[in-house]
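Working through the structure, step by step
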Amino acid sequence: MSPPPPPPLGRARKRAHHTFDPALDDTELVSARAALAQGRWTAARALLATTGDDWDRRAHRVTVLAQAPAAVPWARDWQVAEPDSPAAALLLALARVHRALAGKERPERAREACRALAAAEPEDPTPWFGLLLLERTLGTEEDVVRLFDEVRLRHRDHHHAHHLMVARLAERRAEAGQDPLHEVYDFANWAAEQAPADSPLAILPVVAHAERYRVLAAAGQEPADPVASGHWVGRRARQVMKAAFDWWLEWEHDDHPRRLVDLNFLAHAKFCEGRGAEAAALFHRIGEHATPAPWSYPDRDPYRAFHAARESALGAG
């Protein structure tokens, strides 16, 4: 089985005149990234030290730091100064992953760096997450499933890993069309049910719905306008959206590092469903922290799509 292409965001990015900050609202991360860009890696060291074994936050922060243009040379400098630092090795490994995904480095170098760190830090899921991030685009389905299992063995509710798994599973059997029994829905429902009651993985079925739309629209089986597609208005879809929104009302957490990713997926779903007032409540929480996915799906300017939906919902809300 040949690996599928990554989500079709390329042309949308070319059209967009605005950038999206993957740091979201983590101001400490923004400061550490700015310092790293100036060669002051001690700020990244302090940030990751305070993050500790908050695995979702650790993955979020090191992934954002690793995307900095000069992350590789500064991580190398950090390693020279502190050769036994797992955090320095982690930053370098994730930076190599992002360079490999951008076609700027051999993937095997990134794999070697992540595997070495995984062996040295057996309880940390983040090196395995780095491998999953790489193989989600470059690897076989067997690779993706195996690496997801390794991450989950160390952190059962790893937020970003579950999102990567949903995105990959959604790409199975595009020809099946609007199959309510598709495996991506089964996986998302299972993960949400297995998670604790207050886990943001409760939103995962909504993410699965959007990822499946991305695949079907790219294959020409759904309209390019998600609102016109009807993908969010069937009986099963409405049940999923209601359950997720009700969960958010009861369990909303302001401290999860990737909650704004979930809120963007949920706001997008509510807007496409035609529930303007509910979408408006979510847009108020999001503020200006839009994320490219799912507003870019299937090949749209995400900035324009987000702001058009936001203005419409707030006008109706």
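Below, the structure is looked at part by part. Source: prediction; values computed, not measured. Here the residue numbering is sequential within each chain, running from 1 through the sequence in written order. Totals for whole chains, interfaces and linings use every residue, but because this is a predicted model, local features are given only for residues with pLDDT of at least 70 and side-chain atom pairs only at 80 or more, for both listing and counting. The side-chain numbers reported here are obtained from all heavy atoms of the structure, hydrogens and water having been left aside.

**Here we look at the overall build of the chain**
- Secondary structure elements follow DSSP: runs of H or I no shorter than four residues count as helices, runs of E no shorter than two count as strands, and numbering proceeds from the N terminus. Along the backbone of the chain there are 18 helices and 0 strands.
- Every radius of gyration here is taken over C-alpha atoms, with the globule rule written as 2.2 Å times N^0.38, N being the number of residues. For the chain, the C-alpha radius of gyration of 19 Å lies close to 20 Å, the compact-globule estimate for 317 residues.
- Taking the principal axes of the C-alpha coordinates as reference, the chain spans close to 55 × 40 × 40 Å.
- When burial is assessed residue by residue, the chain has 53% of its 317 residues classed as buried.
- Contacts between residues were defined by any pair of non-hydrogen atoms, one from each residue, lying within 4.5 Å. Across the chain, every contact between residues at least 6 apart in sequence was considered, and the portion connecting residues at least 24 apart equals 67%. Using a 1.4 Å probe on the protein chains alone, a residue whose accessible area is under 20% of its type maximum counts as buried, one over 50% counts as exposed, and one in between counts as partly exposed.

**Regarding the nonpolar core**
- Counting 92 residues, the largest nonpolar core has L65, W78, L91, V206, L266 and F283 as the members making the most contacts within it.
- Residue contributions to this core peak at 11 residues, all from helix α6 (residues 86-101).
- Other than its neighbours up to four places away in sequence, L91 contacts L36, V62, L65, A66, A75 and W78. In these notes, a set of buried Ala, Val, Leu, Ile, Met, Phe, Trp, Tyr and Cys residues joined through side-chain atoms within 4.5 Å is what counts as a nonpolar core.

**Focus on the packing of helix α3 (residues 42-51) against helix α4 (residues 55-66)**
- Note on geometry: axes are C-alpha line fits, over the in-contact stretch for helices, and angles between N-to-C directions span 0 to 180 degrees. Packing of α3 against α4 brings their axes to within 9 Å, and their N-to-C directions diverge by 165 degrees. Taken as axis vectors, α3 and α4 run roughly antiparallel relative to one another. Crossing of α3 against α4: the hand is left-handed. Contact with α3, carried on its side by A44, L47, L48, T50 and T51, involves R57, R58, R61, V62 and L65 of α4 and no other residues of that element.
- Each residue gets one label: Ala, Val, Leu, Ile, Met, Phe, Trp, Tyr, Cys and Pro are nonpolar, Asp, Glu, Lys and Arg are charged, and the others, such as Gly, are polar. Split into classes, the residues belonging to the contact of α3 with α4 amount to 5 nonpolar, 2 polar and 3 charged. Roughly parallel here means an angle under 35 degrees, roughly antiparallel means over 145, roughly perpendicular means 65 to 115, and every remaining angle is called oblique. Helix crossings get a hand from a simple test, with the near helix turned counterclockwise from the far one by less than a right angle marking a left-handed crossing and a clockwise turn marking a right-handed one.

**A short note on α6**
- Look at α6: 23 Å from first C-alpha to last across 16 residues, which is about the 22 Å you get at 1.5 Å a residue.
- The element α6 is extensively covered by neighbouring structure, given that 13 of its 16 residues are classed as buried.
- Looking one or two residues past α6, G103 carries a phi angle of roughly 75 degrees, positive in sign. Helix span, expected: 1.5 Å multiplied by one less than the number of residues in the helix.

**Comments concerning the environment of A224**
- Considering the arrangement of structural elements, one finds A224 in the loop between α12 (204-218) and α13 (226-229).
- A sequence separation of 157 residues divides A224 from Q67, and the C-alpha atoms of the two residues are 30 Å apart.
- Beyond its immediate sequence surroundings of up to four residues, A224 is in contact with Y213, P298 and R300.

**Section: the packing of aromatic side chains**
- Between the rings of Phe, Tyr and Trp (Trp by its six-membered ring), a pair exists once the centres lie within 6.5 Å; its type follows the angle of the planes, with under 30 degrees stacked, over 60 edge-to-face, and the other angles tilted. Taken as a whole, this structure holds 8 aromatic pairs when the rule is applied.
- Among the aromatic residues, those joined into a cluster by ring pairs are F148, F187 and W190.
- Consider the ring centre and the ring normal. A charge sits over the ring if Lys NZ or Arg CZ is within 6 Å of that centre and within 35 degrees of that normal. The lysine or arginine in question, R214, covers the ring of Y297, its NZ or CZ lying 5.7 Å from the ring centre.
- In this arrangement the basic side chain of R236 is found over the ring face of Y185, its NZ or CZ atom lying 4.3 Å from the centre.

**Regarding the pattern of salt bridges**
- One side-chain nitrogen of Lys or Arg within 4 Å of one carboxyl oxygen of Asp or Glu is enough to make a salt bridge. The tally for this structure, following the rule as stated, stands at 28 salt bridges.
- A salt bridge links R45 to E82; its shortest N-O distance comes to 2.2 Å. Placement of R45 in helix α3 and of E82 in the loop between α5 (71-81) and α6 is noted, with a sequence separation of 37 residues between them.
- Among the charged side chains, a network of salt bridges with common partners joins R238, K270, E273, R275 and E278.

**Description of the environment of H163**
- Secondary-structure assignment places H163 in helix α10 (residues 159-169).
- Residue classification places H163 among the buried residues on the basis of a relative accessible area of 8%.
- Between the alpha carbons of H163 and L204 there is a distance of 7.4 Å; along the sequence they are 41 residues apart.
- Aside from chain neighbours lying at most four places away, what touches H163 is L204, V207, R258, V261, D262 and F265.
- Separated by 3.4 Å, the side chains of H163 and D262 make a polar contact. For the purposes of these results, a polar contact is taken to be a pair of N or O atoms within 3.5 Å, where, inside protein, one atom must be able to donate a hydrogen and its partner to accept one; residues adjacent in sequence count only when each atom of the pair is a side-chain atom.

**Remarks on the side chain of D124**
- One can find D124 in the loop between α7 (107-120) and α8 (126-138).
- Judged by relative accessible area, D124 falls into the buried class, the value being 7%.
- A distance of 3.1 Å separates the side chain of D124 from the side chain of R58, its partner in a polar contact.
- Excluding anything up to four places from it in sequence, D124 contacts W55, R58, L90 and R154.

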